[in-house]
Amino acid sequence: EIKDLIKMIKNTQDYTSKGAKLFKGVLLSGKPGTGKTLLARAIAGESGVNFIYCTGSNFDEMFVGLGAKRVRELFAEARKNTPCIIFIDEIDSLMSKSRRFGAEHSSSRGTLNQLLAEMDGFERDDEIMVIGATNHEENLDPAAVRPGRFDKKIHVPSPDVNGRKEIFDLYLEK
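Caption draft 1: How the structure looks around the overall build of the chain. Tallying secondary structure elements over the chain gives seven helices and five strands in all. Helices and strands appear in the chain in the N-to-C order α-α-β-α-β-α-β-α-α-β-β-α. For the chain, buried positions account for 43% of its 174 residues. For the chain, restricting intrachain contacts to residue pairs at least 6 apart in sequence, the fraction spanning at least 24 positions comes to 78%. Of the roughly 9,300 Å² of accessible surface on the chain, a fraction of 51% belongs to carbon and sulfur atoms.

In structure tokens, the structure reads:
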């Protein structure tokens, strides 16, 4: 699945010229420590596209409207740097059901609604893809993960012993 995703990102013209629709969003889900963030960086690196990293908590706001403004600025930056992958780690803190259905303050709903509007506002051939990572897929707002927003869902299983060793080696070599 990942290799096909990289091919699609690298060769968007090949896909779109044949009428294929590119993914707007990809959701990586799995337990903590499975390498979702590392995988997203690898996808961008292998694809040779720009990579913007943020976490869902980057959009937590102290003032009303600040989270929505940060979302607009994030997508404006991506549009300036296409082709681009926007990676939102811990996306469940931004796109939880509780944000839209009343358990959170209305400004939190505004942040989520701005993200949904931005994802709806770009076309598949704009060469922007959003990759989100979550440990809690079951807590995500159904409107956020519907087709047309997060078109592809990839479960990232726990790595085996060799995979875990490679992750440790990568981080420890620094």
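Caption draft 2: The arrangement of the packing of aromatic side chains in detail. As enumerated under the stated definition, the model contains two aromatic pairs in all. With a centroid separation of 6.0 Å and an interplanar angle of 20°, the aromatic rings of Phe 51 and Phe 87 are classed as stacked. Note that Phe 51 is positioned in strand β2 (residues 50-55) and Phe 87 in strand β3 (residues 84-89), a separation of 36 residues in sequence. Residue class for Phe 51 comes out partly exposed when judged on its relative accessible area of 25%. When its relative accessible area of 0% is taken as the criterion, Phe 87 is described as buried. Put simply, the rings of Phe 51, Tyr 53 and Phe 87 touch in pairs and so form one group of aromatic residues.

Caption draft 3: Structural detail: the packing of helix α1 (residues 2-10) against helix α3 (residues 36-47). Between α1 and α3, whose axes approach to 9 Å, the crossing angle comes to 40°. One way to sum up the angle between α1 and α3 is to call them oblique. The interaxial crossing formed by α1 with α3 has right-handed handedness. Residue-level inspection shows Ile 2, Leu 5, Ile 6, Ile 9 and Lys 10 of α1 in contact with α3, the latter providing Leu 39, Ile 43, Glu 46 and Ser 47. Grouping the constituent residues of the contact of α1 with α3 by class yields six nonpolar, one polar and two charged.

Caption draft 4: Just helix α7 (residues 161-172), in detail. Between its first and last C-alpha atoms α7 spans 16 Å; for 12 residues at 1.5 Å apiece the expected length is 16 Å, and the two agree. Between the side-chain oxygen of the N-cap and the backbone nitrogen of Asn 162 there are 3.3 Å, and the N-cap of α7 in question is Asp 160.

Caption draft 5: Here's a closer look at the sheet that holds β2. The five strands lie next to each other as β2-β3-β4-β1-β5, forming an open sheet whose pairing is parallel. Each having just a single partner strand, β2 and β5 (152-155) make up the two edges of the open sheet. Taking each pair of neighbouring strands and ignoring which way they run, the sheet shows an average axis angle of 20°. In this sheet, β3 lies alongside β2 in parallel orientation, the contact comprising six bridges. Bridge assignment links Ile 52 to a residue of β3, and that residue is Ile 86. Along the sheet, α3 contacts β1 (25-29), β2, β3 and β4 (128-134); its crossing angle with β3, the most-contacted strand, is approximately 175°.

Quick notes on the rules
- Residues numbered from 1 in each chain as written.
- Predicted model: local features only at pLDDT ≥ 70, side-chain atom pairs only at ≥ 80, totals over all residues.
- Heavy atoms only, no water.
- Helix = DSSP H or I, 4+ residues; strand = E, 2+ residues; numbered from the N terminus.
- Buried < 20%, exposed > 50% of the residue type's maximum accessible area, 1.4 Å probe, protein only.
- Contact = heavy atoms within 4.5 Å.
- Areas by Shrake-Rupley, 256 points an atom, 1.4 Å probe, with all protein chains shown as cover.
- Phe/Tyr/Trp six-rings, centres within 6.5 Å; stacked < 30°, edge-to-face > 60°.
- Axes fitted to C-alpha atoms, helices over the stretch in contact; angles between N-to-C directions.
- Parallel < 35°, antiparallel > 145°, perpendicular 65-115°, else oblique.
- Left-handed = near helix turned anticlockwise from the far one by under 90°.
- Nonpolar A, V, L, I, M, F, W, Y, C, P; charged D, E, K, R; others polar.
- Expected span 1.5 Å × (residues − 1).
- Polar contact = N/O pair within 3.5 Å; in protein donor to acceptor, adjacent residues only side chain to side chain.
- Pairing = 2+ DSSP bridges.

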